[in-house]
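Structural features, examined
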Amino acid sequence: MKRFTLKALGATLLTAGMVLAGITAPAHATVAATASMSVTSFTANTTVAAPVTLSFTDTAATSTSTYAQLSLVTLALPSGCQTTNTPSVCGISSIDVNGASAPAGTSIEKVNPGIFKVILPSATIISSMSVTFSANQLTVGSSVGNANVTWQVVSGGTNVAQSGYSVIGNGGGGSSMVSFTGTGSLVDASSNTLSNFAASSPVPAFTISGSSFTNNATYSKVGVIIYRSSPSSEYFTLTNTVSTTATPGAWSPNNASCGVTAISLGGTSQTGSSGILCQKESWAFMNTTGYAIRIFLPSETSAAISVSVGDNVFTSATDGTYAARLSMSSATVNGSFFSGGVSLPVTVGGSSPSQPSSNASASLSLGISTGGVVAGSPVSISASGLQSSAPYTVVVQSTPQTIGSGNAVSGAVNTSVTLPSGLEAGWHTLTFTSTAADGSTITSVTYFKVSSNGTLLSTSSSIPAELANTGMSDITWQLGEITLALIGFGILLFIRQRKRNA
């Protein structure tokens, strides 16, 4: 089994994580680029005392762009740098574009703690750029070693000059990401399958397992998370959590401070001498707080795994359908980074198995073909079996917008709504919510992807892989929600963690 390699992992994770979180498109353009950093050695949890200059040159740049996006794995921007700012507010002393000072009106948009955009006042072919931070402006996370930097020159959300070019210190690198899945189970202490939880209640002890992973995947990080991404992002909560930047503690069955009472790898129970680290983590993403138990193995493995979580460690969320997820990722092995795991559907509240199932149904249909303009296009809604005059809503998100609401007529809805303008590039969810005749909540969700120029790229009736993985992100500035989707969260979910050795 291969050791966790921070340099290789960081270069890959940043590119892959940004794709999964919807920050950038997954397509990679051919590049002829070099990049460098004036400082390449860092001490964990400190500020960088020296000025830091990040430089980029692309000899093949041909497309105009209004901004360049820069991502830093181990470094975080000044706390006063929020959303859109002048460069000085973000600790930047100078910006050069194509060998000259950046034009007046150039601004900085903070995307996440370590991701920001240099926004130019007009479209430009960006052949070179450098950004200099003044002394004591950048802070270092828990990772110790070389910083990983990704430049992307972007036009309207689509990479046009270079996609996912990564540097580690002053050298280049990067590798491909391979998703994997597996079979799994979620059982209680008596090995009974768990699929339904009471709303807003302590969760009894459970064991979640995964095995038979595809694509020859290996992993060294494991997350236990229970979440949903629609109609709104929501997580089962954990008490006594720490930030994702905190240093994990040593795990043993007798010191289950992270809530994990047992871990088995390949059928072998792990002990306090196994070198496993663990912690309960929380992070903020947009208007949601994510929660996960994060486990750090001392080395790469492909073995079947089971994780037992203690009684009342998690607290359930509100009624709805969730995913209990064993999220896993690996260091770079043989040129590929593996990310995936096992997701198992669970229900909170709603009808119990002994109650008759609802005959209600609902569907959403986009009245637009691939390549058509999204803004202003119609969405047909058809629902039946509802309460006679049940209220309904139609919400589009990432940033939630209610684009339709009303009441059923004789238990049915047959209407249409219009998609708004201003939807950013990437995946969006469209959710219809109402109340079935038996009192249960009925939802219908469809997913659609918008291009950088506002046209429809694709649609899906199930959670796209890009969203499902973001919810599994390991840190705040990815998160990725994905969604973890986890989109968990993400995806979001593995940029800021430190190197782990046996």
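Residues numbered from 1 in each chain as written. Predicted model: local features only at pLDDT ≥ 70, side-chain atom pairs only at ≥ 80, totals over all residues. Heavy atoms only, no water.

1. Points about the overall build of the protein chain
To keep things clear, this is the line we draw: The secondary structure listing takes helices from DSSP runs of H or I that are at least 4 residues long and strands from runs of E that are at least 2 residues long, numbered from the N terminus. Each residue is placed in one exposure class: buried if its accessible area under a 1.4 Å probe, protein chains only, is under 20% of its type's maximum, exposed if it is over 50%, and partly exposed if it falls in between.
Of regular secondary structure, the protein chain possesses 3 helices and 39 strands. Buried residues in the protein chain amount to 53% of all 502 residues.

2. Structural notes on the sheet that holds strand E37 (residues 426-435)
Working definition: the strands of a sheet are paired by backbone hydrogen bonds and lie parallel or antiparallel to each other. Condition: Strand pairing is assigned whenever DSSP identifies at least 2 bridges connecting the two strands. Lines are fitted to the C-alpha atoms to define the axes, a helix being fitted only along its stretch in contact, and any angle between axes, read from their N-to-C directions, falls within 0 to 180 degrees.
Read across the sheet, 5 strands follow the order E35-E34-E37-E38-E39 without closing on themselves; strand pairing throughout is antiparallel. Each end of this open sheet is capped by a strand with a single partner; those strands are strand E35 (401-407) and strand E39 (456-460). Adjacent strand axes in the sheet meet at a mean angle of 15° when their direction is disregarded. By the bridge criterion, 6 bridges tie strand E34 (residues 391-397) to E35 in an arrangement that is antiparallel. In the sheet register, Val396 faces E35, and the bridge partner there is Gln401.

3. Let's talk about the packing of aromatic side chains
Applicable threshold: Classification of ring pairs uses Phe, Tyr and Trp, with its six-membered ring standing for Trp, and accepts pairs whose centres are within 6.5 Å; under 30 degrees between planes counts as stacked, over 60 as edge-to-face, and the remaining range as tilted.
Counted according to the given criterion, the structure contains 9 aromatic pairs. When the ring of Phe197 is compared with that of Phe236, the centres are 5.8 Å apart and the planes differ by 85°; the resulting orientation is edge-to-face. One end of the pair, Phe197, is in strand E17 (residues 196-197); the other, Phe236, is in the loop between strand E20 (234-235) and strand E21 (237-238), and 39 residues separate them in sequence. Here Phe197 and Phe236 have matching classes, each one buried. In this structure an aromatic cluster arises from ring pairing among Phe180, Phe213 and Tyr219.

4. Side note on the state of the cysteines
Linking two cysteines covalently through their sulfur atoms gives a disulfide. Selection rule: Cysteine sulfur atoms are paired as a disulfide whenever they come within 2.5 Å of each other.
Taken as a whole and judged by the stated rule, the model has 2 disulfides. Each disulfide pairs two cysteine sulfurs, and for Cys81 the partner residue is Cys90, the sulfurs being separated by 2.0 Å. One disulfide, between Cys81 and Cys90, carries an S-S torsion of 70° and so falls in the right-handed class. When sorted by exposure, Cys81 lands in the same class as Cys90, which is buried.

5. Description of the pairing of strand E30 (residues 320-329)
In terms of burial, E30 is a largely internal element, 8 of the 10 residues being buried. Bridge count between strand E19 (residues 219-228) and E30: 7 bridges; the pairing is antiparallel. What sits directly across from Ile225, in E30, is Arg325.

6. Some details on the nonpolar core
The line we're drawing: Residue types Ala, Val, Leu, Ile, Met, Phe, Trp, Tyr and Cys, when buried and joined through side-chain atoms within 4.5 Å, form a set referred to as a nonpolar core. Note on contacts: a residue pair is in contact if any heavy atoms of the two residues lie within 4.5 Å.
Membership of the largest hydrophobic core comes to 48 residues, with the highest contact counts inside it found for Phe206, Ile293, Ile295 and Phe314. Residue contributions to this core peak at 6 residues, all from E19. In this structure Phe314 touches Ser201, Pro202, Val203, Phe206, Val224, Phe236, Thr237, Leu238, Ile293 and Val309, once residues within four positions along its chain are discounted. Within the second largest apolar cluster, 26 residues are counted, among which are Ile381, Leu386, Val394 and Leu430.

7. Some points on the sheet that holds strand E33 (residues 378-384)
Across the sheet, which stays open at both edges, the 3 strands sit in the order E32-E33-E36 with antiparallel pairing between neighbours. The strands lining the two open edges of the sheet, one partner per strand, are strand E32 (361-366) and strand E36 (413-418). Averaged over all pairs of adjacent strands, the angle between strand axes in this sheet comes to 15°, irrespective of strand direction. Both E32 and E33 contribute to a ladder of 6 bridges, which runs antiparallel. If you follow Leu364 over to E33, its bridge partner there is Ile381.

8. Focus: the pattern of salt bridges
As a reminder of what qualifies: Salt bridges are identified by distance alone: a Lys or Arg side-chain nitrogen within 4 Å of an Asp or Glu carboxyl oxygen.
Under the criterion given, the structure shown has 2 salt bridges. Glu234 is the salt-bridge partner of Arg228, the closest N and O atoms lying 2.9 Å from each other.

9. Points about the environment of Thr418
By secondary structure assignment, the location of Thr418 is in strand E36. Those residues in contact with Thr418 that lie beyond four places of it in its chain are Gly376, Ser377 and Ile403.

10. Quick word on the environment of Thr66
In this fold, Thr66 is placed in strand E3 (residues 64-72). The spacing of Thr66 and Ile119 is 53 residues in sequence and 6.0 Å in space, taken between C-alpha atoms.

11. Side note on the environment of Ser264
Put simply, the rule is: Two N or O atoms form a polar contact when they lie within 3.5 Å of each other; inside protein one atom must be a possible hydrogen donor and the other a possible acceptor, and for residues adjacent in sequence the pair counts only when both atoms belong to side chains.
By the element assignment, Ser264 lies in strand E24 (residues 260-265). What makes Ser264 buried here is its relative accessible area of 15%. For the pair formed by Ser264 and Ile305, sequence separation is 41 residues and the distance between their alpha carbons is 5.5 Å. Among the polar contacts made by the side chain of Ser264, one reaches the main-chain amide nitrogen of Thr268 at a distance of 3.5 Å.

12. Examining the confidence of the model for the protein chain
We count it as follows: pLDDT expresses, on a scale from 0 to 100, how confident the predictor is about each individual residue.
Here the protein chain shows a mean pLDDT of 74. Residues at 70 or above account for 70%. Taken element by element, the protein chain is modelled with least confidence in strand E14 (residues 171-173), mean pLDDT 29, and with most confidence in strand E28 (residues 305-309), mean pLDDT 96. With pLDDT under 50 throughout, residues 1-32 is counted as low confidence; its partners more than four residues away or in other chains account for 110 contacts. Under a pLDDT of 50 for its full length, residues 143-147 has, in the predicted model, 23 contacts with residues more than four places off or in other chains.

13. Observations concerning the side chain of Thr207
You can see Thr207 is positioned in strand E18 (residues 206-211). Looking at Thr207, the relative accessible area reads 18%, which means it is buried. At 2.8 Å, the side chain of Thr207 and the side chain of Ser308 are in polar contact. Not counting chain neighbours up to four residues away, the residues in contact with Thr207 comprise Ser185, Leu186, Val187, Ser306, Val307 and Ser308.

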